[in-house]
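Listed below are the residues making up each chain.
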Amino acid sequence: MGEEWLNKVTQILATAGIASGEEYASAPVQAISQPVAAVGLRGLDWGGGKATLSVRILSPRAKGGWACQTTAAKAVTALEEAHISARMEPMEYLPGCDCFQVLIIGIFQIRMDQPVDPIPRQWHVTIGGAEVVYAAEFSEEQDLKRRMVGTIGEMLPANVTPGCGGWSLRLVQNIPAGAEEPDFGQEPMEIRVTRGGRTICYQSCFWNQTKRKFHEGTLSVELNGFALGRREEVHG
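Residues numbered from 1 in each chain as written. Predicted model: local features only at pLDDT ≥ 70, side-chain atom pairs only at ≥ 80, totals over all residues. Heavy atoms only, no water.

### Notes on the overall build of the protein
And then number 1: What the protein contains, in helices and strands, is two helices and 15 strands.
And then number 2: Within the protein, buried positions represent 34% of all 236 residues.
And then number 3: Across the protein, contacts joining residues at least 24 apart in sequence account for 57% of those joining residues at least 6 apart.
And then number 4: Of the roughly 14500 Å² of accessible surface on the protein, a fraction of 52% belongs to carbon and sulfur atoms. (Helix = DSSP H or I, 4+ residues; strand = E, 2+ residues; numbered from the N terminus. Buried < 20%, exposed > 50% of the residue type's maximum accessible area, 1.4 Å probe, protein only. Contact = heavy atoms within 4.5 Å. Areas by Shrake-Rupley, 256 points an atom, 1.4 Å probe, with all protein chains shown as cover.)

### Brief notes about the pairing of strand β12 (residues 167-175)
And then number 1: For strand β9 (residues 135-142) and β12, the ladder comprises seven bridges, and the chain directions are antiparallel. Note that in β12 the partner of Gln142 across the bridge is Trp167.
And then number 2: Where β12 and strand β15 (residues 218-234) come together, nine bridges link them in antiparallel fashion. In the strand pairing of β15, Val172 is matched with Glu222. (Pairing = 2+ DSSP bridges.)

### Focus on the environment of Ala73
And then number 1: Mapped onto the elements, Ala73 comes out in helix α2 (residues 65-81).
And then number 2: With 15 residues separating them along the chain, Ala73 and Met88 place their C-alpha atoms 7.7 Å apart.

### Quick notes on α2
And then number 1: In this model, α2 (17 residues) spans 25 Å end to end at C-alpha, consistent with the 24 Å of a helix rising 1.5 Å per residue.
And then number 2: Gly65, Ala67, Cys68, Thr71, Ala72, Ala75, Val76, Ala78 and Leu79 are the residues of α2 that are buried.
And then number 3: At the C-terminal side of α2, His83 shows a positive phi close to 70 degrees. (Expected span 1.5 Å × (residues − 1).)

### Quick notes on the packing of aromatic side chains
And then number 1: Going through the model one piece at a time under the given rule, you end up with three aromatic pairs.
And then number 2: Taking the centre distance of 6.4 Å and the plane angle of 50 degrees together, the rings of Phe184 and Trp207 count as tilted. In this pair, Phe184 sits in the loop between β12 and β13 (189-195) while Trp207 sits in strand β14 (residues 198-215), placing the two residues 23 residues apart along the sequence. For the residue pair Phe184 and Trp207, the accessibility class agrees, reading buried in each case. (Phe/Tyr/Trp six-rings, centres within 6.5 Å; stacked < 30°, edge-to-face > 60°.)

### A closer look at the sheet that holds strand β7 (residues 123-127)
And then number 1: With antiparallel pairing, the seven strands of this open sheet are ordered in space as β8-β7-β13-β14-β15-β12-β9. Each end of this open sheet is capped by a strand with a single partner; those strands are β8 (130-131) and β9.

### Considering the pattern of salt bridges
Side chains that differ in charge, positive against negative, can pair when their charged atoms come close.
And then number 1: According to the stated counting rule, one finds 10 salt bridges in the structure shown.
And then number 2: The shortest N-O distance in the salt bridge between Glu140 and Arg230 comes to 3.0 Å. Of this pair, Glu140 sits in strand β9 while Arg230 sits in strand β15, and the two are 90 residues apart along the sequence.
And then number 3: Arg230 gets classed as partly exposed once you look at its relative accessible area, which sits at 25%.
And then number 4: With its nearest N and O atoms 2.9 Å apart, the salt bridge here joins Arg198 to Glu232. Of this pair, Arg198 sits in strand β14 while Glu232 sits in strand β15, and the two are 34 residues apart along the sequence.
And then number 5: Taken together, the shared-partner salt bridges in this structure form one network comprising Glu140, Arg198, Arg230 and Glu232. (Salt bridge = Lys/Arg side-chain N within 4 Å of Asp/Glu carboxyl O.)

### Considering the nonpolar core
And then number 1: Counting 25 residues, the largest nonpolar core has Val9, Leu13, Val55, Ile57, Leu79 and Ile104 as the members making the most contacts within it.
And then number 2: Elements with a minimum of two residues in this core: α1 (2-15), β2 (36-45), β3 (50-60), α2 and β6 (99-109).
And then number 3: Among the elements that take part in this core, α2 stands out by supplying six residues, more than any other.
And then number 4: Apart from residues no more than four positions distant in its own chain, Val9 is found in contact with Val39, Leu53, Val55, Leu79 and Ile84.
And then number 5: Grouped together as the second largest cluster of nonpolar side chains are 22 residues, Tyr134, Leu169, Met189 and Trp207 included. (Core = buried A, V, L, I, M, F, W, Y, C linked by side-chain atoms within 4.5 Å.)

Right under this line is the structure:
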C-alpha cells in the first residue's frame, strides 16, 4: 500500500509538470539541472485513516532560490487540488549538493483510494454484473401518466385512463481524485440494486442524461435514464 501512495503522489506531481520520484530510490542518483521532487513516507496513522508524506523540492543553486520556491508552490497547489493537505517549510541551502531545498509536508487521506467505503454500505448497485463501487445515491420513479376521465354533466370523474410508461432511474457516483470514471458498456443494460435479502432488477436500461460536477478533488457524476422492465427478487 505504501508504494501505491507514493506512486499516486509522484503521478500528481508529474501531471503538474514536476519531475519526481521516490526519496530513497535504489537507482543511482543523477545530477539535476532543473527543480525535482523527492517523495517519501514519514508516518502512518492507520486508525485515523491518515498518512504523512514529505515532498522535497530540490533545485540547483544556479537556477536561483526563486525557481525552488515557485516549484514548491506549484507542488502544493497540485496536492491540494488532489485533496491532499500540504504545507511548505522555509527554503534552505544544502552546500553538500549545491542545491536549494523546500520541504513540503502532506497529509494523505489513505481511505480515499480504496475501492470500497470505510463503512460498508447497506446497499449496492451492479451494472452488467459489475459493482458500481463509487455509487452514492440511487433512485427510481414510475409515472404511469394516468389521467382522470369524466362524463358530460357529472362533477366527479368516472374513471382513469390505463397506465403506461416504464421507470425513470437516477444514479449518483462520487469518484475520488485519481480514480477513473467507470464505463458501463453498451446499452441496453441490466441494473440490479440489492439491499439486505431483496434485489430489484431493472431490464433494458438506457442512460438519457449525464451531469458532471467537480468539487474539492471529487468528481460527482449524475446519470438519469430509463428502464423498460422491473422485477423483484427475494433471497432466502
